[in-house]
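Observations on chain architecture
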Amino acid sequence: MDTEAPHTQRGHSSPEKGDGRSRFALSRGGRTAGGPPLTWRRAGVLGVICTVFLLLFSNFVVQPFLIPSRSMEPTLQVGDRVLVNKLAYRFGEQPRRGDVVVFDGTGSFVRERPEGNPIGTVLHGAASALGLAEPSDTDFVKRVVGVGGDDVVCCDAGGRVAVNGVPLAEPYLHPADAPSAVPFRIVVPLGTLWVMGDHRSQSRDSRDHLGEPGGGMVPVEKVIGRADWIGWPLSRWESVGGGHG
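A brief structural summary.

1. Points about the pattern of salt bridges
When the charged atoms of two side chains with opposite charge come close together, those side chains can pair. Taken as a whole and assessed by the stated rule, the structure comprises 12 salt bridges. Ionic pairing is found between Arg-143 and Asp-198, a salt bridge with its closest N-O pair at 2.8 Å. Taken together, the residues span a long stretch of sequence, with Arg-143 in strand β4 (residues 139-147) and Asp-198 in the loop between β9 (192-196) and β10 (218-219) at a distance of 55 residues. Residue class for Arg-143 comes out buried when judged on its relative accessible area of 2%. According to the relative accessible area criterion, Asp-198 is buried, its value standing at 0%. The residue Arg-207 makes a salt bridge to Asp-205 at a minimum N-O spacing of 2.8 Å. A relative accessible area of 9% means that Arg-207 is categorised as buried.

2. Brief notes about the sheet that holds strand β8 (residues 184-187)
Across the sheet, 4 strands lie side by side as β7-β6-β5-β8; this open sheet has antiparallel pairing. Taken across any chain shown, the strands that pair with only one partner, and hence form the sheet edges, are β7 (166-167) and β8. Relative to β7, strand β6 (residues 162-163) runs antiparallel, the two sharing 2 bridges. Paired with Val-163 across the two strands is Val-166, which belongs to β7.

Rules used throughout
- Residues numbered from 1 in each chain as written.
- Predicted model: local features only at pLDDT ≥ 70, side-chain atom pairs only at ≥ 80, totals over all residues.
- Heavy atoms only, no water.
- Salt bridge = Lys/Arg side-chain N within 4 Å of Asp/Glu carboxyl O.
- Helix = DSSP H or I, 4+ residues; strand = E, 2+ residues; numbered from the N terminus.
- Buried < 20%, exposed > 50% of the residue type's maximum accessible area, 1.4 Å probe, protein only.
- Pairing = 2+ DSSP bridges.

What follows is the structure, given as structure tokens:
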């Protein structure tokens, strides 16, 4: 009996110690490994933070722009999302011939900004800024053909657009189009741009506003940014590039 009693005590005490260590380890492991569960509230806050960040980034740095029409084919196709570099002209650099730019056409391509539901306008603007909706009716994407001081004429003896007497090589033109079916000759005022679409027969551009106030010229200050890349679909990921100097 003397030999069994110590064995019995050890048998009772061993599970208690083992259980204590197990509970401590499990409790400790649960705090460090698992962490607090992700709640709907936290997920919602994280979503709001990400959305605000994307909106700020889109507003000041790079904005996706959904192409709504055929006016820039074949360079840009309907449904493409181009990445608009908003810093391109922010530090003194000016738009150059051949740049593809996105601009606010209020006062040049459209008389005034149309009125609408303020809440709907804000929501649509946010979706547009993220590339999820078509751009505002006042936003356009075109190619710069003439800058301030340029003498732009179409067409020369070879049927080409000429700037300051030099015919333009326009490899970006839609293969079914002539440089312009509408003859014109203009001198671009300083601080403005003469812009045209690559699909000339499908583009309403500076040519269509010659007889209106402003003569179809786009003020440089109305340029939102330069379209540098096609970001979506991934199969069309490439640089937009400029056409001529």
